[in-house]
Amino acid sequence: DAGITQSPRHKVTETGTPVTLRCHQTENHRYMYWYRQDPGHGLRLIHYSYGVKDTDKGEVSDGYSVSRSKTEDFLLTLESATSSQTSVYFCAISEPIEASSYNEQFFGPGTRLTVL
Amino acid sequence: DAKTTQPNSMESNEEEPVHLPCNHSTISGTDYIHWYRQLPSQGPEYVIHGLTSNVNNRMASLAIAEDRKSSTLILHRATLRDAAVYYCILRAHNTNAGKSTFGDGTTLTVKP
């Protein structure tokens, strides 16, 4: 299994509080991603990173910010959590190989966040 | 971005083959067809990918239509552990994988 951990694995918080989720990898992959998954639906990209301090927005980035100060860590912050951000959050990594069709993503175990 | 269309759900009996279809009529010439699956309470995992030719690996086979507008993931002998949501995704090689979209996928139920 790819070395990806997420912390915390479960969190319950109250509306209006800040929350930070951490993704840690030991694979030295260049790309890192944060997704959210709501019940019965697929994953939606929040933010991604293509290198240290290089990040960009995904399709559902409002209300979220990210930081990547080291290759191995990608942090997702909810500045002021809302009930609509109750979801399961997945981190993923990838390292596409030049001149190859290889472009696999590896996913972490997920963090279940509940905002009351 | 090109999108894929999959049935919401399918059922199979254990130890029988399963054919999971995917339509991608707007696929571009540089898009690879990737399949991922998500077991209950886990993150998605890679299954297989291909461009034009059919592909086989230890998990599954991928059959790609000649016009590339559709593909089929084949599980040769379904087991209870294959019960999962299967996602068909289009992805250009050597690019930001996050640019590809996970739809809602097909929920596969395997009956003993």
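Provided above is the structure to which this section pertains.
Model, not experiment: these values are computed from the prediction.

A.B. asks: Any details on the pairing of strand β3 (residues 19-25) of chain A? Residues and values, ideally.
C.D. replies: Residue and element names in this part refer to chain A. The two faces of β3 differ: Val19, Leu21, Cys23 and Gln25 on one face are buried, but Thr20, Arg22 and His24 on the other face are not. Note that strand β1 (residues 4-7) and β3 share four bridges and pair antiparallel. The residue of β3 that forms the bridge with Gln6 is Cys23.

A.B. asks: Please give an account of the pairing of strand β8 (residues 73-78) of chain A that cites residues and values.
C.D. replies: Residues and elements named next belong to chain A. Most of β8 is tucked away: five of the six residues are buried. Taken together, the six bridges between β3 and β8 define a ladder with antiparallel strand orientation. Paired with Cys23 across the two strands is Phe74, which belongs to β8. Relative to β8, strand β7 (residues 64-70) runs antiparallel, the two sharing five bridges. Opposite Tyr64, over in β8, you have Leu78 as the bridge partner. In this antiparallel pair of consecutive strands, β7 and β8, the connection spans two residues.

A.B. asks: I'd like a description of the sheet that holds strand β6 (residues 61-64) of chain B, backed by residues and values.
C.D. replies: All names here are of chain B. In spatial order, the strands read β2-β7-β6-β5; together these four strands make up an open sheet with antiparallel pairing. One side of each edge strand has no neighbouring strand; the edge strands of this open sheet are β2 (18-23) and β5 (55-56). When β5 meets β6, the two strands line up antiparallel, connected through two bridges. Bridging from a neighbouring strand, Val55 pairs with Leu62 of β6.

A.B. asks: Give me the lowdown on the packing of aromatic side chains, citing residues and values where you can.
C.D. replies: According to the stated counting rule, one finds 12 aromatic pairs over all chains in the structure shown. For the pair Tyr31 of chain A and Tyr33 of chain A, a centre-to-centre distance of 6.2 Å together with 10 degrees between the ring planes defines the contact as stacked. Of the residues examined, Tyr33 of chain A reaches a relative accessible area of 0% and is grouped as buried. Taken together, Tyr31, Tyr33, Tyr35, Tyr48, Tyr50 and Phe107 of chain A together with Tyr36, Tyr46, Tyr87 and Phe102 of chain B form an aromatic cluster joined through their ring pairs.

A.B. asks: Residue-level account of the state of the cysteines, with values.
C.D. replies: Residues and elements named next belong to chain B. On inspection of all chains with the given rule, the structure shows two disulfides over all chains. Residue Cys22 pairs covalently with Cys88 via a disulfide, S to S 2.1 Å. Taking the sign of the torsion about the S-S bond as the criterion, the disulfide between Cys22 and Cys88, at about -85 degrees, is left-handed. Highlighted residues: Cys22 in strand β2 and Cys88 in strand β8 (residues 84-92), separated in sequence by 66 residues.

A.B. asks: Account for the nonpolar core, with residues named and values stated.
C.D. replies: Membership of the largest hydrophobic core comes to 21 residues, with the highest contact counts inside it found for Leu20, Ile33, Trp35, Leu73, Leu75, Tyr86 and Leu108 of chain B. Taken together, the elements giving at least two residues each to this core come down to β2, β3 (31-38), β4 (45-50), β6, β7 (70-75), β8 and β9 (106-111) of chain B. In terms of residue count, the dominant contributor to this core is β8 of chain B (four residues). Core analysis: the second largest hydrophobic core is formed by 19 residues, Ile46, Val66, Cys91 and Ile93 of chain A among them.

A.B. asks: Can you tell me about the interface of chain B and chain A, naming the residues and giving the values?
C.D. replies: Residue-level contacts link 23 residues of chain B with 23 residues of chain A. Taken over both partners, the interface formed by chain B and chain A buries close to 1,800 Å², and the fraction arising from carbon and sulfur atoms is 48%. On inspection of chain B and its partner chain A, the count reaches zero salt bridges. At the junction of chain B with chain A, the criterion picks out five residue pairs in polar contact (both at pLDDT 80 or more). Top element by residues in the side of chain B that touches chain A is β3 of chain B. It accounts for four residues.

A.B. asks: Can you explain the sheet that holds β7 of chain A? Please cite residues and give values.
C.D. replies: Residue and element names in this part refer to chain A. Ordered in space as β1-β3-β8-β7, the four strands form an open sheet in which the pairing is antiparallel. Among the strands making up the open sheet, the edge pair consists of β1 and β7. With direction set aside, neighbouring strand axes in the sheet form an average angle of 20 degrees.

A.B. asks: With reference to specific residues and values, describe the side chain of Arg68 of chain B.
C.D. replies: Residues and elements named next belong to chain B. Locating Arg68 in the fold gives a position in the loop between β6 and β7. Of the buried charged residues, Arg68 lacks a salt bridge, with Asp31 as the closest side chain of opposite charge at 5.9 Å. Here Leu51 takes part through its backbone oxygen, which lies 2.5 Å from a polar atom of the side chain of Arg68. The contact partners of Arg68, leaving out residues within four places of it in the chain, are His24, Ile27, Ser28, Gly29, Thr30, Asp31, Ile33, Leu51 and Thr52.

The rules we used
Residues numbered from 1 in each chain as written. Chains lettered and ligands numbered in written order. Predicted model: local features only at pLDDT ≥ 70, side-chain atom pairs only at ≥ 80, totals over all residues. Heavy atoms only, no water. Buried < 20%, exposed > 50% of the residue type's maximum accessible area, 1.4 Å probe, protein only. Helix = DSSP H or I, 4+ residues; strand = E, 2+ residues; numbered from the N terminus. Pairing = 2+ DSSP bridges. Phe/Tyr/Trp six-rings, centres within 6.5 Å; stacked < 30°, edge-to-face > 60°. Disulfide = S-S within 2.5 Å. Core = buried A, V, L, I, M, F, W, Y, C linked by side-chain atoms within 4.5 Å. Contact = heavy atoms within 4.5 Å. Buried area = accessible area lost by both parts, 1.4 Å probe. Salt bridge = Lys/Arg side-chain N within 4 Å of Asp/Glu carboxyl O. Polar contact = N/O pair within 3.5 Å; in protein donor to acceptor, adjacent residues only side chain to side chain. Axes fitted to C-alpha atoms, helices over the stretch in contact; angles between N-to-C directions. Lys, Arg positive; Asp, Glu negative; His and termini not counted.

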